[in-house]
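This is what each chain is made of:
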Amino acid sequence: EDKVVQSPLSLVVHEGDTVTLNCSYEVTNFRSLLWYKQEKKAPTFLFMLTSSGIEKKSGRLSSILDKKELFSILNITATQTGDSAIYLCAVEAPGNTGKLIFGQGTTLQVKP
Amino acid sequence: NAGVTQTPKFRILKIGQSMTLQCTQDMNHNYMYWYRQDPGMGLKLIYYSVGAGITDKGEVPNGYNVSRSTTEDFPLRLELAAPSQTSVYFCASSYVARGETQYFGPGTRLLVL
């Protein structure tokens, strides 16, 4: 059965800290891995990763994929209170359908 | 463009009642999806559609039905509501079958008591 597992499930840090969120997957014929940020509403797309070892970066956020070890990490440096959210990892299932398999999410709380 | 709209925003149902969650998109997208998100969990795919007249089951289809008579609309029907269907329901659409292109609606929060 295809599955996506995120860790930790929750995390509390202080502003300025750096955090690393983990996502491991077991999906046959993997197409891509996606990261989303969710703040009490619909998920907002952050990154799409398809190739191993190529870092995607947007401001203080960055992500990388390891297709050999079947995992991805999302790094957030110099965290701010506005980074408090649920971070979701999803893997696109094979086939031309766009179906996504989501992990449980990591709830990040950044304290002032 | 309104994007993806969902109605209602919030609803309370009694056990055994039925209802339809509405989803409409005005972007002429062929692909549409219904997800549910239980508290503290990620999203799970209920049903999806690759075009008008074509629907298929996702991970958790039991207790739900869908139809896709037009490109714009993709309603989700709950028959005989159960407490286990208490969740937030998100509809999404995309112009190609790629996950990163999915536009999510604002969600419908459903409470079954």
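Throughout what follows, the structure given in this document is the object of discussion. On a predicted model such as this, the values are computed, not experimentally measured, just so you know.

Quick look at the interface of chain B and chain A now. If you look at the interface, chain B gives 19 residues, while chain A gives 20 residues. When chain B packs against chain A, the two sides together hide about 1700 Å² of surface, and 57% of this comes from carbon and sulfur. Here chain B is connected to chain A by one salt bridge. Between Glu92 of chain A and Arg98 of chain B there is a salt bridge, with the nearest N and O atoms lying 3.3 Å from each other. For the pair chain B and chain A, the interface holds seven residue pairs in polar contact (both at pLDDT 80 or more).

We now examine the nonpolar core. Counting residues in each nonpolar core, the largest one holds 24 residues, and the members touching the most others are Val4, Tyr25, Leu33, Trp35, Tyr87, Val91 and Leu108 of chain A. Of all the secondary-structure elements, those providing two or more residues to this core are strand S3 (19–26), strand S4 (33–38), strand S5 (44–49), strand S7 (61–66), strand S8 (71–76), strand S9 (85–92) and strand S11 (106–111) of chain A. In this structure, Tyr87 of chain A is in contact with Gln6, Leu21, Tyr36, Lys37, Leu46, Leu74, Ile76, Gly105, Thr106 and Leu108 of chain A, ignoring residues within four places of it in sequence. Counting residues in hydrophobic clusters, the runner-up holds 20 residues, among them Ile46, Val66, Leu76 and Leu110 of chain B.

Moving on: the environment of Tyr89 of chain B. Residues and elements named next belong to chain B. With respect to the element layout, Tyr89 can be found in strand S9 (residues 87–94). Residues Tyr89 and Gln102, 13 residues apart in the sequence, show an inter-C-alpha distance of 15 Å. In this view, Tyr89 contacts Gln6, Leu21, Trp34, Tyr35, Arg36, Ile46, Tyr64, Leu76, Leu78, Gly107, Thr108 and Leu110; residues no more than four positions away in its chain are not counted. Looking at Tyr89, its side chain comes within polar contact range of the side chain of Tyr64, at 2.7 Å.

Criteria and cut-off values
- Residues numbered from 1 in each chain as written.
- Chains lettered and ligands numbered in written order.
- Predicted model: local features only at pLDDT ≥ 70, side-chain atom pairs only at ≥ 80, totals over all residues.
- Heavy atoms only, no water.
- Contact = heavy atoms within 4.5 Å.
- Buried area = accessible area lost by both parts, 1.4 Å probe.
- Salt bridge = Lys/Arg side-chain N within 4 Å of Asp/Glu carboxyl O.
- Polar contact = N/O pair within 3.5 Å; in protein donor to acceptor, adjacent residues only side chain to side chain.
- Core = buried A, V, L, I, M, F, W, Y, C linked by side-chain atoms within 4.5 Å.
- Buried < 20%, exposed > 50% of the residue type's maximum accessible area, 1.4 Å probe, protein only.
- Helix = DSSP H or I, 4+ residues; strand = E, 2+ residues; numbered from the N terminus.

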